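Observations on the three-dimensional arrangement
Residues per chain are reported as follows:
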Amino acid sequence: MPSSSPSTTAPTTSTRPNRASGPTETSPHAYDAGLLLLRLVLGLTMAAHGSQKLFGWFGGGGIDGTGQFFTASGYPAGNAMAVVAGLTETAGGLALAIGLLTPLAGAAVLGTMVNAIAVTWGGGFFLPKGNEYELLLTAGAAALALTGPGRYAVDRFLPVVRAHRLAYGAAAVVVGLVTAGAILLLRK
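Summary of the structure given here. (Residues numbered from 1 in each chain as written. Predicted model: local features only at pLDDT ≥ 70, side-chain atom pairs only at ≥ 80, totals over all residues. Heavy atoms only, no water.)

When you go through the protein residue by residue, the secondary structure sums to six helices and zero strands. Sequence separation of 24 or more characterises 62% of the internal contacts of the protein that already satisfy a separation of 6 or more. Roughly 11000 Å² of accessible area belongs to the protein as shown, and the carbon and sulfur atoms make up 71% of that amount. (Helix = DSSP H or I, 4+ residues; strand = E, 2+ residues; numbered from the N terminus. Contact = heavy atoms within 4.5 Å. Areas by Shrake-Rupley, 256 points an atom, 1.4 Å probe, with all protein chains shown as cover.)

Next up on the list: the packing of aromatic side chains. By the definition in use, this model includes five aromatic pairs. A centroid spacing of 4.7 Å and a plane angle of 35 degrees characterise the contact between Phe 55 and Trp 57, whose relative ring orientation is tilted. Under the relative-accessibility criterion, Phe 55 is labelled partly exposed at 48%. An angle of 70 degrees between the planes, with centres 6.0 Å apart, marks the rings of Phe 69 and Phe 70 as edge-to-face. For Phe 70, a relative accessible area of 10% corresponds to the buried category. (Phe/Tyr/Trp six-rings, centres within 6.5 Å; stacked < 30°, edge-to-face > 60°. Buried < 20%, exposed > 50% of the residue type's maximum accessible area, 1.4 Å probe, protein only.)

Bringing the environment of Gly 124 into the picture now. Within the secondary structure, Gly 124 sits in the loop between helix H4 (102-120) and helix H5 (132-147). The partly exposed category is assigned to Gly 124, whose relative accessible area is 43%. Not counting residues up to four positions away in its chain, the partners in contact with Gly 124 are Lys 129, Gly 130 and Asn 131.

Another aspect to go through is unusual backbone geometry. For Ala 77, which is not glycine, the phi torsion reads 50 degrees and is therefore positive. Judged by its relative accessible area of 53%, Ala 77 is exposed. Backbone geometry at Leu 101 places phi at a positive 50 degrees, although glycine is not the residue there. With respect to the helices, strands and loops of the structure, Leu 101 is situated in the loop between helix H3 (78-98) and H4.

Its boundaries defined by the atoms lining it, the largest pocket holds a volume of some 700 Å³. For the largest pocket, the lining is made up of 33 residues, of which Lys 53, Ala 85, Glu 89, Thr 112 and Ala 116 are closest to its centre. Going through the elements one at a time, helix H1 (28-55), helix H2 (62-72), H3, H4, H5 and helix H6 (166-186) are the ones with two or more residues in the lining of the largest pocket. With ten residues, H4 is the single largest residue contributor to the lining of the largest pocket. Here the lining of the largest pocket is composed, by residue class, of 18 nonpolar, twelve polar and three charged. (1 Å grid on protein atoms, 1.4 Å probe; cavity = no way out; pocket = protein on both sides within 12 Å on 5 of 7 lines; lining within 4 Å. Points joined across faces, edges and corners; volume = space filled by probe spheres on them. Nonpolar A, V, L, I, M, F, W, Y, C, P; charged D, E, K, R; others polar.)

Another aspect to go through is the nonpolar core. Formed by 17 residues in total, the largest nonpolar core has its most connected members in Leu 42, Met 46, Leu 96, Val 109 and Leu 110. Mapped by element, the contributors of at least two residues to this core are H1, H3, H4, H5 and H6. Ranked by size, the runner-up nonpolar core spans five residues in total, among them Tyr 75, Met 81, Ala 82 and Ala 85. (Core = buried A, V, L, I, M, F, W, Y, C linked by side-chain atoms within 4.5 Å.)

By themselves, these figures tell us nothing about what the structure is for.
This is the structure:
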């Protein structure tokens, strides 16, 4: 039997890549740049959708037109729901774009998009009647809540959220899903 004494045991090597190991390691800047791009595109897209609801910008219906849509979709108090959705999309989207309270911003977008999926459900997966667009935005928001914003974000300057924890993201995703569920229970 082989001896387990230190003199006969082969030295162990770390499975962690060495910084000087070359192309097998991903640059942390590449990771952070990818998260920044995702945050900007998803966040500004959501903020634009929110401004359609709130202000009628970009061909949107404004509060009255969006309120009529919410009422027709079975939500009570259509105009109030239009304001809530518009504020959630605008504020959540802008916060994602700049990386501010990223888990909560992701949860806000996630909750709104779960309701959007419920409204478009049953039309198939692909547009124009499907929900693949809403599903992609929902998954992106959840992914950002779970991974955090990366280094190029306002969160890096906030002591409480500077070091992102998976638990923060998971808790935020749960909050987003529970809130979405509560709103869906109001729908007829």
